[in-house]
Amino acid sequence: MDPVFGILTSFGISIYHETMDIIRVLAANLKQLREQQQSSISELERRSGVGKATISSLESGKGNPTIETLWALAKALNVSFGALISASSSEASSVVRSEEGAKISGTAGYTRLIDRLSCEGSLEIYEMVLVPGEQRIADPHPEGVMEHLLVVQGRLKAGPDKEPVLLETGDYISFRGDLPHVYSAIEHEARAVVWMQYPRSLFHPDSTNTTKVKFGRYARTLIERSWTEIMNGLAMTRLRFSAETSDIESVVRELEEIVNSLQDSEMYRWNIQSFVVPEGERTVSVLSFRKNPFTQPSSTHDGIRGSIHDLEGKTVLEKAEYLIDFGRKTLEPDEFEALHHLCTDSSLVIRTLVSEIFTQHGYPTVPKDIQRVEEDHDACELTKEDRIDVDSYNWFELVHPAYARQCVSLARMIRKHIPCDDGHVLACMDVGSGTGAPLIMLLEMIPNLEILAVEPSSAAFYYLKKNLGQRKNIKCVHADFLDFEIERRVPLITSVGASHHLDTYRFLKKAWDCLDVKGKLCIADEMIAPFCTIEERQRNLILHHTAYMLATMVPIPGAIRDRLWPQEKRLVDEFQRNVPLIVADAYENRLNSAIQRCRDLLKFTEGLKLGTLISNRMVAFYRFQVLELQALVAGLDYEVEQKTFPERFTQLARLAGFELSEHERVYPTIGDRDMDAGTHVFVFTKP
């Protein structure tokens, strides 16, 4: 028996199709899935272990793969086995034309079987009337919803927004309702019957955080009530206001005025983040989220010794540690003035940390190191490597809300666990040094470090050498750490934001081999919330990355916005609209919709062709969000980004032979526990 026939038989799939029909389905599915994930054939080879020649042959509709080959490809693509071999799994919609379907004749006419539905949930039946010249753009319904439409009069287009189908009277279409879709009449009025098919697993309306109401005089009361729910523990609420007027812009303005007036209240200012977002033709949503507790300043001065005015003569590390504590309290006007002077400090870590504090307190500030960035023409050939735009990373990653404080925490732990006088050299290997900013910060706080910086990316290595200049205490090596041969073991290995780019266990084992006995492995990196399934990992990944995006979703004042370049205005508008919707979809378990929005938003940003030049420094916040979006989508595809969760990371470190000496979650994204998602710093000891 042929391998493909054996596969289909084992899965209970009828084998009356010719082998070549199945190979054609496989070819189309394999290529579509790979391109959807923006993977090259070489990358798929690396992830699956299937040779490039075999993959190319299969995508060309040739060959006859074994079950082992298809399983390897399905696993590498994070899809089910059936997604590769089932024709229906790759189709956006299913169409039955008026002349198709089994007909049963009788004396009074005939009956035509159009479709057979198996539904353990519920069905809703609607009559739809469409007028010519207008298109209805429908947002995704909850995950798992299917739509079925039968045209009873006229001609219309309906289906997925990217692939609507032209339908005549008597034609039928079935498509996924949990993705964006459209309807429009052709030439004359059209009528159709629409069945909404809801799965049994769909959450019940009374347990969701979404409320649908008419827009009116009670809008303020409803918004306030939803914010009270968030104060009492909900992570988010979505109020969908249906407008009786077609002037959606006026409804948006009125809701924005309500939201802004409520956020002037001290009770809500530090606890609620809210967005007014149009959804559909006559619907406006108010999406509200619980703010990161990290951003909520305290009115007390407990634990803060000395004054911001008394930093003269302190080391950079002492200043930085003081500023982190200082930034957690409510600031007085004279203290803001003192902080403002530190924005031009000679230390990169101090300048960046002060900008983080100002932004945290509601005064968005970009480090002065980010100016109207000039294009680096020497690096043009290296503009994109893997899935992250390294050029943009070099310029805009400094506005990450935890960028400086993770380096401060790392330096503090190194000082604590490896006592060493400033007069003595401390040898250190840094893994995945990136473009060099964390190393500059570490050297400002621990000047006696002698660093061997190992970076595999050609684009990042270009900036690493350029940014570090002629520093004598740093040697840069362009190499993959996992394959790098060291001359002698070292007492300290550091890594900032790089461990999740590597095979975690291999990275930890390699670090163990490179360390002296009693040596320290000090890691600062992002971790997501615990997961057991692919769906949980994807949801947690989305909520983690979008937490950083919401933290930098700063308002752009009108006077500045008017002077932005057109593509920057489009960038800001699209992110302000779509990121809150992505977060809401993820919280409401509309995972397919959230993932699709992420991919669509990334595709939109790629079409803008932004480069690294910006018209105003405030745009840097949104350029950083593009980087987070790139990392998010790469993580969904498990390429480049391979984040785990803190407890699992610690378990893998112990399995590699390490002991955990200290841990701190320096910036939380999701969850209240120390081992929940966020930016983490670890110190491990080799016994």
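Quantities reported herein were computed from a predicted structural model and do not represent experimental measurements. (Residues numbered from 1 in each chain as written. Predicted model: local features only at pLDDT ≥ 70, side-chain atom pairs only at ≥ 80, totals over all residues. Heavy atoms only, no water.)

## Quick word on the overall build of the chain
The number of helices and strands found in the chain is 23 helices and 22 strands. Expressed as a percentage of the 687 residues in the chain, the buried residues total 52%. Sequence-distant contacts, at least 24 apart, represent 73% of the contacts inside the chain between residues at least 6 apart. About 31700 Å² of surface is accessible on the chain, with carbon and sulfur atoms providing 50% of the total. (Helix = DSSP H or I, 4+ residues; strand = E, 2+ residues; numbered from the N terminus. Buried < 20%, exposed > 50% of the residue type's maximum accessible area, 1.4 Å probe, protein only. Contact = heavy atoms within 4.5 Å. Areas by Shrake-Rupley, 256 points an atom, 1.4 Å probe, with all protein chains shown as cover.)

## Examining the side chain of threonine 435
Along the chain, threonine 435 turns up in the loop between strand 16 (426-431) and helix 15 (437-445). By relative accessible area, which is 4% here, threonine 435 ends up buried. Residues contacting threonine 435, with those up to four places away along its chain left out, are Val390, Tyr393, Asn394, Ala460, Tyr463, Leu464 and Asn467.

## What about the packing of helix 14 (residues 403-417) against helix 15?
Interhelical geometry of helix 14 versus helix 15 gives an angle of 45 degrees and a closest axis separation of 10 Å. In terms of orientation, helix 14 and helix 15 fall into the oblique class. Here the hand of the crossing between helix 14 and helix 15 comes out right-handed. Contacts between helix 14 and helix 15 involve Tyr403, Ala404, Cys407, Val408, Leu410, Ala411, Ile414 and Arg415 from the first element and Ala437, Pro438, Met441, Leu442 and Met445 from the second. Taken together, the residues of the contact of helix 14 with helix 15 sort by class into 12 nonpolar, no polar and 1 charged. (Axes fitted to C-alpha atoms, helices over the stretch in contact; angles between N-to-C directions. Parallel < 35°, antiparallel > 145°, perpendicular 65-115°, else oblique. Left-handed = near helix turned anticlockwise from the far one by under 90°. Nonpolar A, V, L, I, M, F, W, Y, C, P; charged D, E, K, R; others polar.)

## Details of the environment of aspartate 672
Within the secondary structure, aspartate 672 is located in the loop between strand 21 (659-668) and strand 22 (678-685). The exposed category is assigned to aspartate 672, whose relative accessible area is 66%. The spacing of aspartate 672 and asparagine 292 is 380 residues in sequence and 9.9 Å in space, taken between C-alpha atoms. Apart from the residues lying within four places of it in its own chain, the contact partners of aspartate 672 are Arg290 and Arg665.

## Some words on the confidence of the model for the chain
Residues of the chain with pLDDT of at least 70 account for 85%, and the chain-wide mean is 84. When the criterion is pLDDT under 50, residues 202-208 qualifies, and its contacts beyond four places in sequence or with other chains add up to 7 contacts. (pLDDT = per-residue confidence, 0-100.)

## Points about the pattern of salt bridges
Applying the stated criterion across every chain yields a total of 25 salt bridges. Residue arginine 412 is joined to glutamate 664 by a salt bridge in which the shortest nitrogen-to-oxygen separation is 3.4 Å. One end of the pair, arginine 412, is in helix 14; the other, glutamate 664, is in strand 21, with 252 residues separating them in the sequence. Take arginine 412: its relative accessible area is 24%, and that puts it in the partly exposed class. For the salt bridge of lysine 416 with glutamate 662, the shortest nitrogen-to-oxygen distance reads 3.3 Å. Taken as a pair, lysine 416 in helix 14 and glutamate 662 in strand 21 lie far apart in primary sequence, 246 residues in all. Taken together, the shared-partner salt bridges connect Arg238, Arg240, Glu279, Asp585, Glu588, Arg590 and Arg597 into one network. (Salt bridge = Lys/Arg side-chain N within 4 Å of Asp/Glu carboxyl O.)

## A word on the pairing of strand 11 (residues 190-198)
The sheet contact formed by strand 4 (residues 122-130) and strand 11 spans 9 bridges and is antiparallel. Looking at the pairing, glutamate 127 lines up with valine 193 of strand 11. With 7 bridges connecting them, strand 6 (residues 146-153) and strand 11 associate as antiparallel partners. Within strand 11, the position partnered with methionine 146 by the bridge is glutamine 197. (Pairing = 2+ DSSP bridges.)

## Considering the nonpolar core
For soluble globular proteins, the rule of thumb is that nonpolar side chains tend to be buried together. Ranked by size, the top nonpolar core spans 113 residues in total, and within it Leu339 and Met445 carry the most contacts. With 12 residues, the single largest contributor to this core is helix 22 (residues 619-636). When near neighbours in sequence (up to four residues on either side) are disregarded, methionine 445 contacts Val316, Leu317, Ala320, Val349, Cys407, Val408, Ala411 and Arg415. Counting 26 residues, the second-largest nonpolar core is a separate cluster that includes Ala479, Leu482, Cys514 and Phe649. (Core = buried A, V, L, I, M, F, W, Y, C linked by side-chain atoms within 4.5 Å.)

## What to know about the pairing of strand 7 (residues 156-160)
Counting buried positions along strand 7 gives 4 out of 5 residues, so the element sits mostly inside the fold. Bridging between strand 7 and strand 8 (residues 165-167) involves 3 bridges; their strand directions are antiparallel. The residue of strand 8 that forms the bridge with lysine 157 is leucine 166. Linking strand 7 to strand 8, which pair antiparallel, is a turn of 4 residues. The pairing of strand 7 with strand 10 (residues 181-185) spans 5 bridges and is antiparallel. Each bridged residue has a counterpart across the sheet, and for glycine 159 the counterpart in strand 10 is valine 182.

## Notes on the sheet that holds strand 4
Strand order in the open sheet formed by 5 strands is 1-9-6-11-4, and the pairing between neighbours is antiparallel. The open sheet has two free edges, formed respectively by strand 1 (93-96) and strand 4, since each of these has just one partner strand. In this sheet, adjacent strand axes meet at a mean angle of 20 degrees when their direction is disregarded.

## A closer look at the packing of helix 18 (residues 534-551) against helix 22
Helix 22 packs onto helix 18 with a crossing angle of 175 degrees between their chain directions and a minimal axis gap of 9 Å. Judged by the inter-axis angle, helix 18 sits roughly antiparallel to helix 22. In this structure, helix 18 uses Arg537, Gln538, Leu541, Ile542, His545, Thr546, Tyr548 and Met549 to contact helix 22, whose residues at the interface are Phe624, Gln625, Glu628, Leu629, Ala631, Leu632, Gly635 and Leu636.

## Description of helix 16 (residues 458-468)
Those residues of helix 16 that fall on the buried side of the exposure criterion are Ala459, Ala460, Phe461, Tyr463, Leu464 and Leu468. Buried residues in helix 16 make contact with helix 13 (390-396), helix 15, strand 17 (449-455) and strand 18 (474-478). A side-chain oxygen of the first residue of helix 16 lies 3.4 Å from the backbone nitrogen of alanine 459; this N-cap is serine 457. Looking one or two residues past helix 16, glycine 469 carries a phi angle of roughly 60 degrees, positive in sign. (Polar contact = N/O pair within 3.5 Å; in protein donor to acceptor, adjacent residues only side chain to side chain.)

## A few points about the sheet that holds strand 5 (residues 135-138)
Read from one edge to the other, the open sheet built from 4 strands follows the order 5-10-7-8, with strand pairing classed as antiparallel. Each edge of the open sheet carries a strand with a single partner, namely strand 5 and strand 8. This sheet shows a mean twist of 15 degrees between the axes of neighbouring strands, independent of strand direction.

## As for helix 14
Its 15 residues place the ends of helix 14 22 Å apart at the C-alpha level, agreeing with the 21 Å of an ideal helix rising 1.5 Å per residue. Taken across its 15 residues, helix 14 has 12 buried, putting it largely inside the fold. Every buried residue of helix 14 is accounted for by Tyr403, Ala404, Arg405, Gln406, Cys407, Val408, Ser409, Leu410, Ala411, Met413, Ile414 and His417. (Expected span 1.5 Å × (residues − 1).)

## Overview of the packing of aromatic side chains
Under the definition given, this model contains 12 aromatic pairs. A centroid spacing of 5.6 Å and a plane angle of 20 degrees characterise the contact between tyrosine 322 and phenylalanine 326, whose relative ring orientation is stacked. With a gap of 4 residues between them, tyrosine 322 and phenylalanine 326 both fall in helix 10 (residues 316-326), about one helical turn apart. Neither residue differs from the other here; tyrosine 322 and phenylalanine 326 are each classed as buried. Aromatic side chains phenylalanine 649 and phenylalanine 684 sit 6.0 Å apart centroid to centroid with 50 degrees between the ring planes, which places their arrangement in the tilted category. Within this pair, whereas phenylalanine 649 is found in helix 23 (residues 646-655), its partner phenylalanine 684 is found in strand 22, the two being separated by 35 residues in sequence. An aromatic cluster is defined as three or more aromatic residues linked by ring pairs; in this entry it consists of Phe649, Phe658, Phe682 and Phe684. A cation over an aromatic ring shows up here: lysine 509 above the ring of tryptophan 512, its NZ or CZ 5.6 Å from the ring centre. (Phe/Tyr/Trp six-rings, centres within 6.5 Å; stacked < 30°, edge-to-face > 60°. Lys NZ or Arg CZ within 6 Å of the ring centre and 35° of its normal.)

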